[in-house]
Amino acid sequence: MAEIHPLSLAIFIAITLLTLAISIYAGRRVRTAGHYYVAGGGVRWFVNGFAIAGDYLSAASFLGITGLVAFAGYDGFIYAIGFLAGWIVALFLIAEPLRAIGKFTFADALTSKFKSRKIRLAAAISTLVVSVFYLIPQMVGSGSIVGPLIGLDYEIGVVVIGLLVVFIVATAGMVSTTWVQFIKGFMLLIAVIALTVGVLVAAGMGPFEFIGNIISSNITLPSGATVPGETFMAPGMKYKDPLDFVSLAMALILGTAALPHILIRYFTVPKPADARKSTVIAIIVMGIFYLLILFLGLGAIYFFNQGITGALNPADANLTAPLLAQYIGGDVFYAVISSIAFATILGTVSGLIMASAGAIAHDIYAEVLGHKSSEKRSLLISKGTAIGVGLIAIVLGILSKGQNVAFLVGLAFAIAASANLPALMCTLFWKRTTENGLIYGILAGLISSIVLIVISPTMMGPDALFSLNNPGIVSIPLGFAVTMGVSMMGEGSAANSKTEQRRAEPEE
Amino acid sequence: MKNILLPTDGSTPALVATVKAVEMAKQRGAMLVILRVEEQAPMVGIERLAESSALMRPEFQDGVQYAQELAAENKVPTKVIIREGSVAGEIIRTANEEGSELIVLGTSSLRGLNRLYLGSVAKTVVGQSSTSVVVIKPSAEEIKNALSMVKEVIAETPAKAVRTITRTKQFRIGVYLFAAYVIGYAAFILAGSYAKDMFKAAMLGMNVGTVSGIVLILATIGLAIGFNWYAGRTEEAS
């Protein structure tokens, strides 16, 4: 077991107390479900922009990609580009129209056209599946970095993070979640800028010169093998199968704008234009982040090759960023970066729990099952659900100890792109969409992407029935095809009451 | 033309006042002057949130839009004024400038700390205005009624609201930019998957792959900023 790092622990406790104070302060005035789920719709776009970045940039982005670049060079960088590219879909197609039709949850947006319980149920299930698959890696991540960074056991790490998040979401829901994500987004930006400057100063080179230097020298990998820099800085170190990579790239660009915990952030601003402006702020923050993360990863491998073996840990790529910080700025910087990594997990997990609680308490319990109750009571139910989801997350985190769950994030993106995006796009832009089209489309995307993952090499080994690790290239087109196909078939039968309902809408 | 001034902030009492003001304007054949005052007082976001929740501001509601739609339904002509400054002061000033015969406003009947913290706009306006003021203290029933109308307005709007956005030139340009970006991204991914040697060619002291990756990230940021600048300008113009 790793020893306790007093400084990291102290900064971690300080961040924890700050978070609790914000939650308590914000929680005093939350009275209705509207305040709970979407912070009363009164978040300013600038704050929301940073909060979106804070929601989206998970530990996988900060710790994961830094490690990936250090260990696999260019392929790690391609990951960063893909994570950013998805925001273009959000900016140009989704943000403004979605704000115009949404209320609390992703399912609210889909049922704006048809008041259908079935659509709502399908959307709520898909929200839960995507959020849980995204949540498990976050919990596992929090447990496994807590040991080396602060010196606490895996289980304690999961429980502490879990309880903290439960407290954040149970006190003031989206109000406190917004502030945690805002602060985290801001700290993360400062952290990568400071680390990048540190890398370049310590290396004594300009940014382009630094990359050129890596390309022109031989690189000793953490595994001990040596490759020429030009191989390290070209695709193919990690992704051997081009088709698998194309599939992943598709899931990343199309999945981002369909992740429920991201979409709910758009309901917190007052106007569609604010949704656009906050996306722009988020893209600026994340663009800088994903660009500079290249220098963090390359910095670690560069110093490793200079003979500073402490700049990364060959056994654990996730510790690259903190170890790099330790080399550059000593123990204080190490403690600060470690604590920011924790804040990162807090922000993302809070968003995920909000999305899940909304799907259960608002969509399934109140709307689908029809348990309408007073504001006060439904607020209580929402909070209770959030606590329940948080506790389940803790249990899942502890059960998944030692499992390789990193692929679940990729799966979450693929499911979101296959199940949620077709439904969302058709609701917004295709007038001939029918109720059945949406229901079957969501189910087809959801089921096909999960089945393809179950029979993929990740799960079944080399004898897998399906040769790709990421199902996106098959399941995303399938989701669109089913949504549109069923809609067009349904139109043929005049007896279809749903079609009549659609026709009853005023034509322009 | 006679007019009635309706200051609104989208809070529940303001919505009830809106219902009353539209009723009165219809009876009197008066125009409804809808005023929204944006406070200049530097407020950190968390204060704004706390205030929103203390005033029970419905999550989706733009008070001005609500008043406009309600007035349109009742065929009452409207004029929208948006001011910046202290709320009570701007209400009184607007009433004088517009020559309003009546000011209708809601009061939130705050209790305890909230009252101390937020004060009462209605009290100040009644005290200092030379125009007659009708202060609405909403009953539970009236609140329910006003909110149900909000639901009607909203239930009718989603499809329309999306169309208003997707029909703009700005949105069309966004779609073109999106298509251009997707082509660039696809070219990048396909080249990186199937033409790996091309990415190794030297360029600007680095290689083609790294340069195009950096350019793609910078292009994403540039597109976002450029589009926002254009959209903001278009919105201001309309």
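In case you missed it, the structure is sitting above this.
Residues numbered from 1 in each chain as written. Chains lettered and ligands numbered in written order. Predicted model: local features only at pLDDT ≥ 70, side-chain atom pairs only at ≥ 80, totals over all residues. Heavy atoms only, no water.

S.K.: Help me understand the sheet that holds strand β3 (residues 78–84) of chain B, please; the structure alone is not making it clear to me.
M.R.: Strand pairing in a sheet relies on backbone hydrogen bonds. The paired strands run either parallel or antiparallel. Residues and elements named next belong to chain B. Taken in spatial order, the five strands make up an open sheet running β3-β2-β1-β4-β5, and their pairing is parallel. The open sheet has two edge strands with one neighbour each: β3 and β5 (132–136). Taken pair by pair, the neighbouring strands of this sheet meet at an average axis angle of 25°, ignoring direction. Direction of pairing for strand β4 (residues 102–106) relative to β5: parallel, over a ladder of five bridges. Residue pairing in the sheet places V104 in a bridge with V134 of β5. Where helix α3 (residues 63–73) meets the sheet, it contacts β1 (3–7), β2 (31–38) and β3, and its direction lies at approximately 170° from that of β2. Relative to β5, helix α6 (residues 121–128) is tilted by about 160°, and along the sheet it contacts β4 and β5. (Pairing = 2+ DSSP bridges. Helix = DSSP H or I, 4+ residues; strand = E, 2+ residues; numbered from the N terminus. Axes fitted to C-alpha atoms, helices over the stretch in contact; angles between N-to-C directions. Contact = heavy atoms within 4.5 Å.)

S.K.: What is the right way to read the interface of chain B and chain A from this model?
M.R.: It is common to give the size of an interface as the accessible area lost on bringing the parts into contact. Each side of the interface is counted separately: chain B has 64 residues, and chain A has 72 residues. Of the roughly 5700 Å² buried where chain B meets chain A, counting both sides, 71% is carbon and sulfur surface. For the pair chain B and chain A, the interface holds one salt bridge. One salt bridge connects R276 of chain A with E235 of chain B, and the closest N-O pair in it is separated by 2.6 Å. (Buried area = accessible area lost by both parts, 1.4 Å probe. Salt bridge = Lys/Arg side-chain N within 4 Å of Asp/Glu carboxyl O.)

S.K.: Looking at this structure, I do not really get the pairing of β4 of chain B. What am I missing?
M.R.: Residues and elements named next belong to chain B. Taking burial as the measure, the five residues of β4 include four buried ones, the bulk of the element. Alignment of β1 against β4, held across two bridges, turns out to be parallel. In the sheet register, L5 faces β4, and the bridge partner there is I103. (Buried < 20%, exposed > 50% of the residue type's maximum accessible area, 1.4 Å probe, protein only.)

S.K.: Please clarify how the side chain of T433 of chain A should be interpreted in this entry.
M.R.: Residue and element names in this part refer to chain A. Here T433 shows up in the loop between α17 (407–429) and α18 (435–454). A distance of 3.0 Å separates the side chain of T433 from the backbone oxygen of C426, its partner in a polar contact. A polar contact of 2.6 Å, which involves the side chain of T433, links it to the backbone oxygen of W430. (Polar contact = N/O pair within 3.5 Å; in protein donor to acceptor, adjacent residues only side chain to side chain.)

S.K.: Looking at this structure, how should I read the packing of aromatic side chains?
M.R.: Residue and element names in this part refer to chain A. Applying the stated rule across the entire model yields 26 aromatic pairs over all chains. Residues Y37 and F104 carry aromatic rings whose centres are separated by 5.3 Å and whose planes lie at 40° to one another, so their mutual orientation is tilted. With a gap of 67 residues between them, Y37 in helix α2 (residues 33–38) and F104 in the loop between α5 (74–101) and α6 (106–110) connect regions that are remote in the sequence. Classification of Y37 as buried rests on a relative accessible area of 4%. The class for F104 is buried, based on a relative accessible area of 6%. Look at F210 and Y302: their rings are 5.2 Å apart centre to centre, the planes differ by 65°, and that puts the pair in the edge-to-face class. Note that F210 is positioned in helix α10 (residues 207–216) and Y302 in helix α14 (residues 272–305), a separation of 92 residues in sequence. For F210, a relative accessible area of 0% corresponds to the buried category. Assessed through its relative accessible area of 12%, Y302 is described here as buried. Joined through ring pairs, the aromatic side chains of Y56, F62, Y79, F83, W87, Y134, F289, Y290 and F413 make up one cluster. (Phe/Tyr/Trp six-rings, centres within 6.5 Å; stacked < 30°, edge-to-face > 60°.)

S.K.: Please clarify how the pattern of salt bridges should be interpreted in this entry.
M.R.: Once the charged atoms of two side chains with opposite charge are near each other, the side chains can pair. Within the structure shown, the criterion is met by 12 salt bridges over all chains. Note that R120 of chain A is salt-bridged to D363 of chain A, the shortest N-O span being 2.6 Å. Separated by 243 residues along the polypeptide, R120 of chain A in helix α7 (residues 117–150) and D363 of chain A in helix α15 (residues 320–368) bring together distant segments of the chain. Under the relative-accessibility criterion, D363 of chain A is labelled buried at 1%. The salt bridge involving E155 of chain A is made with K401 of chain A; its shortest N-O contact spans 3.5 Å. Of the two residues, E155 of chain A sits in helix α8 (residues 154–172) while K401 of chain A sits in the loop between α16 (375–399) and α17, which places them 246 residues apart along the sequence. The exposure class assigned to E155 of chain A is partly exposed, which follows from its relative accessible area of 32%. Residues participating in the shared-partner salt-bridge network are R83, E90, R93 and E97 of chain B.

S.K.: Sorry if this is basic, but what is going on with the packing of α7 of chain A against α16 of chain A here?
M.R.: For any two helices packed against each other, the geometry comes down to the angle between their axes and how far apart the axes lie. Residues and elements named next belong to chain A. One way to put it is that α7 packs onto α16 with a least axis distance of 8 Å and a crossing angle of 60°. The angle between α7 and α16 places the two elements in the oblique class. For the pair α7 and α16, the crossing hand works out as right-handed. In contact with V132, L135, I136, M139 and V140 of α7, α16 contributes A393, I394, L396 and G397. Broken down by class, the residue content of the contact of α7 with α16 amounts to eight nonpolar, one polar and no charged. (Parallel < 35°, antiparallel > 145°, perpendicular 65-115°, else oblique. Left-handed = near helix turned anticlockwise from the far one by under 90°. Nonpolar A, V, L, I, M, F, W, Y, C, P; charged D, E, K, R; others polar.)

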